[in-house]
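# Results of the structural survey
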Amino acid sequence: QVQLVESGGGLVQAGGSLRLSCAASVRTFGRYSMGWFRQAPGKEREFVAGISWTGDSTYYSDSMEDRFTISRDIGKNTVFLQMNSVKPEDTAVYYCAARPGPIVKQREYYDYWGQGTQVTVSS
């Protein structure tokens, strides 16, 4: 079983920054592509960003507008989402997810999910 635990969410003013973290189980993290998704109330869960197991490849939703950066620390079994210049529409529960193989944006292809961390952006 792969355990994913998100942290770093909270309240932030528009224009500010947050850094989300996802701690993954040590035996699987390095072999899995990792993704960040978010889900706002009443909306579908949407892909935010993904990173390959090596960290060499990343993929972002166009809606992030170059404001977010995904990275991973293989040695620490942790993936990060740096959120800069946040907007009220970024308000959502952010989920970390993992899957074997390449980065994809479809949520149904991810096998493991964290519990989510709330990000609220005030205007």
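No experiment lies behind these values; they were computed from the predicted model shown. (Residues numbered from 1 in each chain as written. Predicted model: local features only at pLDDT ≥ 70, side-chain atom pairs only at ≥ 80, totals over all residues. Heavy atoms only, no water.)

### So, the overall build of the protein chain
- A tally of regular secondary structure across the protein chain gives zero helices and 11 strands.
- Reading the protein chain from its N end, one meets helices and strands in the order β-β-β-β-β-β-β-β-β-β-β.
- Against the globule reference of 14 Å for 123 residues, the protein chain gives a C-alpha radius of gyration of 13 Å, in line with a compact fold.
- In terms of its C-alpha atoms, the protein chain occupies a principal-axis envelope of roughly 40 × 25 × 25 Å.
- Evaluated residue by residue, the protein chain yields a buried proportion of 46% over its 123 residues.
- Carbon and sulfur atoms form 47% of the exposed surface of the protein chain, whose accessible area is close to 6,400 Å².
- The average position of the 13 basic charges and that of the 12 acidic charges among the side chains of the protein chain differ by 5 Å. (Helix = DSSP H or I, 4+ residues; strand = E, 2+ residues; numbered from the N terminus. Rg over C-alpha atoms; globule rule 2.2 N^0.38 Å. Buried < 20%, exposed > 50% of the residue type's maximum accessible area, 1.4 Å probe, protein only. Areas by Shrake-Rupley, 256 points an atom, 1.4 Å probe, with all protein chains shown as cover. Lys, Arg positive; Asp, Glu negative; His and termini not counted. Charge placed at Lys NZ, Arg CZ, Asp CG, Glu CD.)

### What to know about the environment of S63
- Its place among the elements puts S63 in the loop between β6 (58–60) and β7 (68–73).
- For S63 and F47, which are 16 residues apart along the polypeptide, the C-alpha to C-alpha distance reads 9.6 Å.

### Concerning the sheet that holds β7
- Read from one edge to the other, the open sheet built from four strands follows the order β1-β3-β8-β7, with strand pairing classed as antiparallel. Lying at the two open borders of the sheet, with one neighbouring strand each, are β1 (4–7) and β7. Within the sheet, the average angular offset between the axes of one strand and its neighbour, ignoring direction, is 15°.
- For β7 and strand β8 (residues 78–83), the ladder comprises six bridges, and the chain directions are antiparallel. Pairing of T69 across the sheet is with Q82, part of β8. (Pairing = 2+ DSSP bridges. Axes fitted to C-alpha atoms, helices over the stretch in contact; angles between N-to-C directions.)

### Things to note about the pairing of β1
- Here β1 shows a clear split, with L4 and E6 buried on one side and none of V5 and S7 buried on the other.
- Where β1 and strand β3 (residues 18–24) come together, four bridges link them in antiparallel fashion. Residue pairing in the sheet places S7 in a bridge with S21 of β3.

### Considering the pattern of salt bridges
- Across all of its chains, the model carries four salt bridges by this definition.
- For the salt bridge of E46 with R38, the shortest nitrogen-to-oxygen distance reads 2.7 Å.
- Given a relative accessible area of 33%, E46 falls into the partly exposed group.
- We note a salt bridge from D90 to R38, for which the minimum N-O separation is 2.9 Å. (Salt bridge = Lys/Arg side-chain N within 4 Å of Asp/Glu carboxyl O.)

### Examining the packing of aromatic side chains
- Scanning the entire structure with this criterion turns up seven aromatic pairs.
- Look at F37 and F47: their rings are 5.5 Å apart centre to centre, the planes differ by 80°, and that puts the pair in the edge-to-face class. A residue pair is termed long-range when its members are at least 10 positions apart, and F37 in strand β4 (residues 32–39) and F47 in strand β5 (residues 46–51) qualify at 10 residues.
- By way of ring pairs, the aromatic residues F37, F47, Y59, Y95, Y110 and W113 are connected into one cluster.
- Seen from the ring of F80, R19 lies directly overhead, with NZ or CZ sitting 3.8 Å from the centre. (Phe/Tyr/Trp six-rings, centres within 6.5 Å; stacked < 30°, edge-to-face > 60°. Lys NZ or Arg CZ within 6 Å of the ring centre and 35° of its normal.)

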